[in-house]
Amino acid sequence: MLRTILILSLLMSPPLLRAADATLETLSAAAPALDREVLSLALDARACAKRAHNVGHRLAVIDYSRPSTEIRMWVFDVQRGRLLHAEHVAHGRGSGDNLPTVFSDVEGSYQSSLGLFSTAETYTGQNGYSLRMDGLEPGINGRARERLIVMHGADYVDPDQARRQGRLGRSWGCPAVRDEVAQAVIDDLKDGQLLFAYANDPAWRRDSKLLRCPAR
């Protein structure tokens, strides 16, 4: 009886809602190590941003509630329901040691920022091949470009060294990845895709307009 009720409720749900649920199920199955609630929030923010932006079909999800010694970034092809990468990622030295606890959008803080970012152009600079990002949440990550918050490869993103010293090396606020995968990850994310950075931060969850999407 309960199964019948569930099936009927799904059939009666609006098509867009059913599609969103199906996307969550597919991506969650592709990346079972990623907390389902974090993924759900990322997809909600993406859906909200889609009202005003071209969001592409790829999405990176970073879970900064996990320590740097663990894999905590997943890159999806949302359209195809595929996991493309599961990687370690650094946080800003101003955000904390192994587990980041403080986040901001302040120049010179060397802290990571939370929320939804749109990826932009690539360039080659002092950190090699890099990806510029624009924050989509003013007051939370809106100064990302001004702060030079970019994705790049770094030799201090070394999981073996992290296990020995108790944490990854830290950036100046950038989501840095292993040198060995930087080009592939950046190429999959460049030019108008999305990156969602999560942490268990009550103020951000309260203030983010993309997590509390206004009705049309």
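Figured I'd write up the structure that's included with this text. Keep in mind that what you see is a predicted model, and the values were worked out from it rather than measured.

### Description of the overall build of the chain
Looking only at helices and strands, one finds six helices and eight strands in the chain. Against the globule reference of 17 Å for 216 residues, the chain gives a C-alpha radius of gyration of 17 Å, in line with a compact fold. Sorting the 216 residues of the chain into buried and exposed places 49% on the buried side. Long-range pairs, those at least 24 residues apart, make up 60% of the contacts in the chain between residues at least 6 apart in sequence. By element, 52% of the accessible surface of the chain is carried by carbon and sulfur atoms, the whole surface being about 11000 Å².

### Re the nonpolar core
One finds Val 61, Phe 76 and Phe 196 to be the most contacted residues of the largest nonpolar core, which totals 50 residues. When residues of this core are traced back to their parent elements, those giving at least two are helix H2 (15-30), helix H3 (36-49), strand S1 (58-63), strand S2 (73-77), strand S4 (115-125), strand S5 (128-135), helix H5 (179-189) and strand S8 (194-198). If you tally residues by element for this core, the top one is H3, at eight residues. The residues touching Phe 196, leaving out its near neighbours within four places in the chain, are Val 38, Leu 41, Ala 42, Ala 45, Leu 59, Ala 60, Val 61, Ile 62, Gly 115, Leu 116, Trp 204 and Leu 211.

### Quick look at the layout of surface pockets
In this model, the second largest pocket occupies a volume close to 450 Å³. In terms of lining, the second largest pocket is formed by 23 residues, of which the most central are Gln 126, Asn 127, Leu 148, Trp 172 and Cys 174. The set of elements that each furnish at least two residues to the lining of the second largest pocket consists of S4, S5 and strand S6 (150-154).

### Points about the environment of Glu 70
Turning to its location among the elements, Glu 70 is positioned in the loop between S1 and S2. Along the primary structure Glu 70 and Arg 167 are separated by 97 residues, whereas in three dimensions their C-alpha atoms are 9.2 Å apart.

Procedures and definitions
- Residues numbered from 1 in each chain as written.
- Predicted model: local features only at pLDDT ≥ 70, side-chain atom pairs only at ≥ 80, totals over all residues.
- Heavy atoms only, no water.
- Helix = DSSP H or I, 4+ residues; strand = E, 2+ residues; numbered from the N terminus.
- Rg over C-alpha atoms; globule rule 2.2 N^0.38 Å.
- Buried < 20%, exposed > 50% of the residue type's maximum accessible area, 1.4 Å probe, protein only.
- Contact = heavy atoms within 4.5 Å.
- Areas by Shrake-Rupley, 256 points an atom, 1.4 Å probe, with all protein chains shown as cover.
- Core = buried A, V, L, I, M, F, W, Y, C linked by side-chain atoms within 4.5 Å.
- 1 Å grid on protein atoms, 1.4 Å probe; cavity = no way out; pocket = protein on both sides within 12 Å on 5 of 7 lines; lining within 4 Å.
- Points joined across faces, edges and corners; volume = space filled by probe spheres on them.

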